[in-house]
Amino acid sequence: MPRIILEHVTKCFDKFVAVDDLNLVIEDRDFITLLGPSGCGKTTTLRMIAGLETPTKGRITIGDTVVFDSEEGIDISPAKRDIGFLFQNYALWPHMTVYDNIAFGLENLKWPKKKIDERVKEMMAMLKIEQFEKRFPSELSGGQQQRVAIARTLAPKPRVLFMDEPLSNLDAKLRLEMRSELKRLHVDTDSTFVYVTHDQLEAMALATKICLMNKAVLQQYDPPLVVYNKPVNLFVADFVGNPTMNFINATGARKSGNDIAVHMLGKDMTFHSLEPVDGDLSELVVGVRPEFVKLGEGNFSGVVYTTLPSGMETTVKVKYGDDMVTSVVFGSVDFSHSLDMPFSIVGDNVILFEKGSGKRIAIGSLS
């Protein structure tokens, strides 16, 4: 399987910059999710790697082959890049059976009939759709159609599989099931997957690394738990996580070592940083994930504003003066509205951001 390298890749549509100076390395057998809000450039990035969109400038390499270079005038067609592309609407031939849909690409590649039959049956077994061999797409559910589309895409043994929001047309329960199937399929096929989504839960669940973009610019490229626990800026911290991170305005001043005097929520506290602190402390934003807001005890006291029990956990919003703090309580619990609720901020995953630039300047604990 190949390594994919993007060097200074830019795409402009007239004066609109869709992707701005993107540098990215996708390692062999990675499952990469291109994540971000609508219009951030993720689909354009996918289409440029696949050859369906021509970059304005830059260089793209797949394996040992340069497939695009604006300076050298290289632009290899999609058909010669040895990739598979799974579209959002699956694009199955309605007049063909499941077997014929999967065999279609192999027939165009002039595979021998015996080899086609072996490969189609292998794909149907892998995707667990053998019983639908003679059915037409209109006779299948959305999840079954998606499995057929994946089988057809994988049949020619592409080096890389590209997917553009392939689960967006499915209902919530089926999306959850298909996420598990895609993750298993990635391991079974030993392939490189590049996947576009705007759903951060999907990206967290599937990816080996998340490429998070905003307004055409790469924000962070790291494994999911690194993106979640160590966001590089306020945008990343806000976009990844459900419920979203709490953001509390604060002011700070340096103390001894890596300790910072922080004034937040009307109280003076000490922030103990786990790393050297480099940044402006005059105006800060303190970021706290909801699971680190502990209810029932602590040096803050508010009232329960609203609760959202879901069975496994309950999301609780606590009003503290003019601020609203969100907590996640695990277990089947609920709280009465307007109940007095003390709370504390625990753990060493509290994050300090510069308010002006939005960049992360420290991770640590409060006391």
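Residues numbered from 1 in each chain as written. Predicted model: local features only at pLDDT ≥ 70, side-chain atom pairs only at ≥ 80, totals over all residues. Heavy atoms only, no water.

J.: Quick question: what am I supposed to make of the overall build of the protein here?
T.: Looking only at helices and strands, one finds eight helices and 21 strands in the protein. Overall, the C-alpha framework of the protein stretches about 75 × 50 × 35 Å when taken along its three principal axes. Out of the 367 residues in the protein, the part that is buried amounts to 49%. Sequence-distant contacts in the protein: of pairs separated by 6 or more residues, those separated by 24 or more amount to 64%. Roughly 17,200 Å² of accessible area belongs to the protein as shown, and the carbon and sulfur atoms make up 51% of that amount. Averaging the locations of the 41 positively and 48 negatively charged side chains of the protein gives two centres separated by 4 Å. (Helix = DSSP H or I, 4+ residues; strand = E, 2+ residues; numbered from the N terminus. Buried < 20%, exposed > 50% of the residue type's maximum accessible area, 1.4 Å probe, protein only. Contact = heavy atoms within 4.5 Å. Areas by Shrake-Rupley, 256 points an atom, 1.4 Å probe, with all protein chains shown as cover. Lys, Arg positive; Asp, Glu negative; His and termini not counted. Charge placed at Lys NZ, Arg CZ, Asp CG, Glu CD.)

J.: What exactly am I supposed to notice about the sheet that holds strand β12 (residues 246-254) here?
T.: In sheet architecture, strand pairing relies on hydrogen bonds along the backbone and comes in two forms, parallel and antiparallel. Spatial strand order, β12-β13-β14-β21-β20-β15: six strands in a closed barrel with antiparallel pairing. Sheet twist, expressed as the average angle between the axes of neighbouring strands with direction ignored, equals 45 degrees. Relative to strand β21 (residues 360-366), strand β20 (residues 350-354) is paired through four bridges, and the arrangement is antiparallel. Bridging across to β21, Val350 finds its partner in Gly364. (Pairing = 2+ DSSP bridges. Axes fitted to C-alpha atoms, helices over the stretch in contact; angles between N-to-C directions.)

J.: How should I be thinking about the pairing of strand β17 (residues 313-320) in this particular structure?
T.: In the case of a regular strand, side chains alternate between the two sheet surfaces. Taking burial as the measure, the eight residues of β17 include six buried ones, the bulk of the element. The loop that links strand β16 (residues 293-309) with its antiparallel partner β17 comprises three residues; one of these, Gly311, has a positive phi angle of about 105 degrees. For β17 and strand β18 (residues 323-330), the ladder comprises eight bridges, and the chain directions are antiparallel. Bridging from a neighbouring strand, Thr314 pairs with Val329 of β18.

J.: Could you clarify how one ought to interpret the sheet that holds strand β19 (residues 340-345) in this entry?
T.: With antiparallel pairing, the four strands of this open sheet are ordered in space as β18-β17-β16-β19. Whereas interior strands pair on both sides, the edge strands pair on one side only; in this sheet they are β18 and β19. Recorded for the sheet is a direction-independent mean angle of 50 degrees between the axes of neighbouring strands.

J.: I'm lost on the pairing of strand β8 (residues 160-164) in this one. Help?
T.: Summarising burial for β8: five of the five residues are buried, a large majority. Of the two faces of β8, the one lined by Val160, Phe162 and Asp164 and the one lined by Leu161 and Met163 are each fully buried. Sheet topology places strand β7 (residues 83-86) next to β8; four bridges connect them, and they run parallel. Across the sheet, the residue bridging to Ile83 is Val160, located in β8. Sheet analysis places β8 next to strand β9 (residues 192-197), joined by five bridges and oriented parallel. Pairing of Val160 across the sheet is with Thr192, part of β9. The parallel pair β8 and β9 is bridged by helix α5 (residues 172-189), and the resulting crossover is right-handed. (Right-handed = clockwise from strand over helix to strand, strands pointing away.)

J.: What am I meant to see in the packing of aromatic side chains here?
T.: Aromatic ring pairs are defined here through the distance separating the ring centres and the angle between the ring planes. In the structure shown here, the tally under the stated rule is nine aromatic pairs. Among the aromatic side chains, those forming a connected cluster through ring pairs are Phe31, Phe193 and Tyr195. Above the ring of Tyr221, the side-chain terminus of Lys209 is found at 4.1 Å from the ring centroid. (Phe/Tyr/Trp six-rings, centres within 6.5 Å; stacked < 30°, edge-to-face > 60°. Lys NZ or Arg CZ within 6 Å of the ring centre and 35° of its normal.)

Take it as geometry only, folks, not as evidence of what the structure does.
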